[in-house]
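A look at the structure
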Amino acid sequence: MTTTYATGVTPRRVLRSEWHKLWTLRSTWIILATAAVSTLAVGLVMGGTYDGDDSEIDTVTFVLLGTQISQICVAVLAILVSAGEYSTGLIRATLTAVPRRTPVLWAKAAVFTTVALTVTAATNVLTFLAAQLLLADTDKALSLGDPGVLRAVLGNAAGITLLALIALGLGALVRSIPGGIGAFVALVLILPELLSAIPYDGLRDALDHFPAQAAGALGSATPLPDAVSPGPALLALVLWALAVLWPSAALLRRRDV
Amino acid sequence: MIRAHGLTKHYGGRTAKIAVDGLDFEVRPGTVTGFLGPNGAGKSTTMRMLLGLDAPTSGRATVGGRSYATHRAPLHEVGALLEARSVHPGRSAFHHLMGLAHTHGIPRSRVEQVLGLAGIREVAARRVKGFSLGMGQRLGIAAALLGDPATVILDEPVNGLDPEGVLWIRNLLKSLAAEGRTVLVSSHLMSEMALTAEHLVIIGRGRLLADTTVEEFVRSSGAAAVKVVTPDAAALAERLAAPGVRVTSETPGTLDVHGTDAEHIGRTAAAHGIPLFELTPHTGSLEQAFMDLTRDTVEYQATTLTGAAA
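Residues numbered from 1 in each chain as written. Chains lettered and ligands numbered in written order. Predicted model: local features only at pLDDT ≥ 70, side-chain atom pairs only at ≥ 80, totals over all residues. Heavy atoms only, no water.

Naming follows an unreviewed UniProt entry, where chain B appears as ATP-binding cassette domain-containing protein of Streptomyces boluensis. Regarding chain B, the relevant UniProt record gives this comment under Sequence similarities (unreviewed entry): "Belongs to the ABC transporter superfamily." (UniProt positions renumbered as here; feature names shortened; annotations may be inferred.)

The name an unreviewed UniProt entry gives chain A is ABC transporter permease, with Streptomyces boluensis as the organism.

Structural data, given as structure tokens:
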């Protein structure tokens, strides 16, 4: 009892702890690098091999096609951040240090969102610029300053991040890495496909606001047919993320670990 | 100071398994308190409730006068080593501790200090994945000491430690108690507890069986016995038979006599002309006392294979 750390746990310190924990695992670096490299590589291939066949596809969606891969990477990272603590048992140490519990989930969400958004936004801008070097003399030549382009490039990054934030919440809810990945794939990727088979117009409108569909709308510079506009799409995604994180926080407070 | 008031934990709804059943005990500062019980007695569950990891079904547990979760700086109040590993195997020992330290603003110098204290400074940069059981225990103890806590709760700390490590834990626990801290240690190694603990809290099937000092517990348990070697064991056993006297025999020609003393046995043998080759009083061991106390509450008991030789 020679030293004292009297002020104790603060939200800022919990954030610092989660930041430290994120960057001191190799998996974080490997997953983020894989996400960035796959987006860039696919973008360069798309730019380099374009022959006019896909002229009807939105250009931003076209050069950022690799984000279909990075989306999965970033969602897996999100699940490792939340559910990973349960599979290793680390959660017991974490919650012993922060027994009020919910600050841990909010700090994880905040740190993850900052990192994922920064990395995906930077990757997207870089990929767009690199692909455009190869598309200079085609009908897909665009600059970041053209209408809707920067918004779509960053919107794509926001879509990836918010979808992954849903995954983080699901990971915290089911407390298992395979369970979290399964829940994410089933609820976010497969469920809308199944529902779209039901011929009911009201359902169609609702489906446009589902996470993956809203994220798709965010990443297109030109309005997609049957898609919501970017503003409502972003709002829908934020609400989806909160709709998963909030019950996760409520359960985190109550459940035994 | 740790207090449990009617602490109860049921698992699994209506047809519940009762893990902990109305525990009342106090653990005072300045001494090492051993927390004993057979496997499945509820030791780990109780410790998790003390740390707020499991919510009690009823009752209350306080550490330092309040429930654990309400402390502003819990790592400064209580340091804990849990039985199950609570470390990410992909992170290095240093970064594991640093991640916990950040939550309380504990400086890097303290992390290095506890790494040294636990004797794992040389492997601090290595990922925990490659740690032996003993190194993992040392890391867990380093984490428990990180906040320089007033109370230390350790679940099976000597698990996987080599003899040098066991000695280290023993001295560490005694010195923590000597500094005025509250120390609660669970173990199933009775011989180790006998050397380390002064006070005992013993539970079985989730209920309190004893809350006493080691000395008093061994003395009152009636585990003391006299070993007698004689060629006429059956005759002697018959002569010794009396209320309160129990005679057992594990090998032919050897008796263990409980409930009377060597003098009485010697005189009885002499009076009946029974030769004695050995007459040795044994003071009871904590192990024997514990076995006697918990015999009826053991949840997982091995059955003896009979007829195997026939």
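For the rest of this paragraph, the subject is the interface of chain A and chain B. Taken together, the contact pairs 35 residues of chain A with 45 residues of chain B. Both sides together, the interface formed by chain A and chain B hides about 3300 Å², and carbon and sulfur atoms give 58% of it. Summed over the shared surface of chain A and chain B, the number is 1 salt bridge. In this structure, Asp-256 of chain A and Lys-9 of chain B form a salt bridge, with 2.5 Å as the shortest nitrogen-oxygen distance. If you look at where chain A meets chain B, you find 14 residue pairs in polar contact (both at pLDDT 80 or more). Ranked by residues supplied to the side of chain A that touches chain B, first place goes to helix α5 (residues 90–97) of chain A with 7 residues. When the residues that make up the side of chain A that touches chain B are grouped by side-chain class, the tally is 13 nonpolar, 13 polar and 9 charged. (Contact = heavy atoms within 4.5 Å. Buried area = accessible area lost by both parts, 1.4 Å probe. Salt bridge = Lys/Arg side-chain N within 4 Å of Asp/Glu carboxyl O. Polar contact = N/O pair within 3.5 Å; in protein donor to acceptor, adjacent residues only side chain to side chain. Helix = DSSP H or I, 4+ residues; strand = E, 2+ residues; numbered from the N terminus. Nonpolar A, V, L, I, M, F, W, Y, C, P; charged D, E, K, R; others polar.)

The subject of this paragraph is the sheet that holds strand β2 (residues 17–27) of chain B. Residues and elements named next belong to chain B. Read across the sheet, 3 strands follow the order β2-β1-β4 without closing on themselves; strand pairing throughout is antiparallel. Each of the sheet's edge strands pairs with one partner strand only, and the pair in question is β2 and β4 (58–63). Averaged over neighbouring strand pairs, the angle between their axes works out to 20° when direction is ignored. As judged from the 5 bridges shared by strand β1 (residues 2–11) and β4, these two strands associate in the antiparallel manner. For His-5, the partnering residue across the bridge sits in β4 and is Arg-60. Where helix α1 (residues 43–50) meets the sheet, its contacts fall on β1, β2 and β4, and the angle it forms with β1 comes to roughly 115°. (Pairing = 2+ DSSP bridges. Axes fitted to C-alpha atoms, helices over the stretch in contact; angles between N-to-C directions.)

It is worth spelling out helix α2 (residues 26–49) of chain A at this point. Residue and element names in this part refer to chain A. Counted at 1.5 Å a residue, the expected span for α2 with its 24 residues is 34 Å, and the 34 Å between its end C-alpha atoms agrees. Buried within α2 are the following residues: Thr-28, Ile-31, Leu-32, Ala-35, Ser-38, Thr-39, Gly-43, Met-46 and Gly-47. Buried positions along α2 lie against α1 (11–23), α3 (59–63), α4 (67–88) and α6 (102–134). (Expected span 1.5 Å × (residues − 1). Buried < 20%, exposed > 50% of the residue type's maximum accessible area, 1.4 Å probe, protein only.)

All names here are of chain B. Pairing is antiparallel across the open sheet formed by 4 strands, whose spatial order is β11-β12-β10-β13. What marks the edges here is a single partner per strand, and that holds for β11 (246–248) and β13 (278–282). On average, adjacent strands in this sheet sit at an angle of 20° to one another, irrespective of strand direction. Across 3 bridges, β11 lies against strand β12 (residues 254–258) in antiparallel orientation. Pairing of Thr-248 across the sheet is with Asp-256, part of β12. Running at roughly 15° to β12, helix α9 (residues 233–240) makes contact with β10 (225–229), β11 and β12 of the sheet. The strands that helix α10 (residues 262–271) touches are β10, β12 and β13; relative to β13, the one it contacts most, it runs at about 160°.

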